[in-house]
Amino acid sequence: MISATDADWKRETPIPGRYEPGKKLLATIRHYQRLTTKSRLLSGMIRPIVLLQYRFWSAISGADIPLNSKIGGGLLIPHPNGIVMHPDAQIGPNCLIFQQVTIGVGTKPGLPIIEGHVDIGAGAKILGGVHIGAHARIGANAVVINDIPAHATAVGVPAVVR
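Parameters and conventions
All chains use their own residue numbering, which begins from 1 and follows the written sequence. With the structure being a predicted model, the display of local features is reserved for residues of pLDDT at least 70 and the display and counting of side-chain atom pairs for 80 or more, all residues being used for whole-chain, interface and lining totals. To obtain the side-chain values, all non-hydrogen atoms of the structure were included, while hydrogens and water were left out. As used here, the term nonpolar core means buried Ala, Val, Leu, Ile, Met, Phe, Trp, Tyr and Cys residues forming a set that is joined through side-chain atoms within 4.5 Å. Accessibility here uses a 1.4 Å probe with only protein chains present; expressed as a share of the type maximum, an area under 20% marks a residue as buried, one over 50% as exposed, and anything in between as partly exposed. Only DSSP runs of H or I covering at least 4 residues are called helices, and only runs of E covering at least 2 are called strands; the numbering of each starts at the N terminus. Any two residues whose heavy atoms approach within 4.5 Å at even a single point are treated as in contact. Take the residue count of a helix, subtract one, and multiply by 1.5 Å to get its expected span. A carboxyl oxygen of Asp or Glu within 4 Å of a side-chain nitrogen of Lys or Arg is what we treat as a salt bridge.

### Re the nonpolar core
Right, so step 1: If you look at the biggest cluster of nonpolar residues, it comprises 37 residues, and the most contacted ones within it are Ile103, Ile120, Ile132 and Ile138.
Right, so step 2: Among the secondary structure elements, those contributing two or more residues to this core are helix H1 (21-36) and helix H2 (41-61).
Right, so step 3: Here the element with the most residues in this core is H1; it accounts for five residues.
Right, so step 4: With residues up to four places along the chain from it excluded, the contact list for isoleucine 120 reads Leu96, Ile97, Phe98, Val101, Ile103, Ile114, Ile126 and Ile138.

### A short note on H1
Right, so step 1: In this model H1 runs 23 Å from its N-terminal to its C-terminal C-alpha over 16 residues, within 8% of the 22 Å that 1.5 Å per residue would give.
Right, so step 2: Along H1, the positions that sit buried rather than exposed are Pro21, Gly22, Lys23, Leu25, Leu26, Thr28, Ile29, Arg30, Tyr32 and Leu35.
Right, so step 3: Each element contacted by the buried residues of H1 is listed here: H2 and strand E1 (70-71).

### A closer look at the pattern of salt bridges
Right, so step 1: With the rule as written, the count across this model stands at four salt bridges.
Right, so step 2: In this structure, glutamate 20 engages lysine 23 in a salt bridge whose closest nitrogen and oxygen atoms are separated by 3.4 Å.
Right, so step 3: In this structure glutamate 20 comes out as buried when scored by relative accessible area, which is 13%.
Right, so step 4: A salt bridge links aspartate 147 to lysine 108; the nearest nitrogen and oxygen atoms lie 3.4 Å apart.

These values are about where atoms sit, not about what they do.
Structure, rendered in structure tokens:
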């Protein structure tokens, strides 16, 4: 069973010889976030280079994941094309996000909080101040505008628990 609390960092490690732009994008985001916690002269000189790498991998992958995103470790984005995340949305450890997913503002005040090991299907939209419980599954093209409990599967527009 995959943990919803302890990040499995091996999930983000690129496999040599494979084309994995999602993992390269995540690596540059993690590298930039580490550099911003340091105030040394060297990290200040390296940051612009990492920023260029981030912009490159964002363009290649077609994903809009801000540098200051709150993403837990072990995130998998096997097809990053079209993923859009609000920088203040919270993503727990060991989540799986497929292509064309939007995580951002909606009619409900606040931003999404997604706990650990949540699988989000292609084209899903998670909007507003919703809370997705650990080990939940969001179906493809679902529009989540209400809270989803842990271990539940949500499908449809608007998403309902099945």
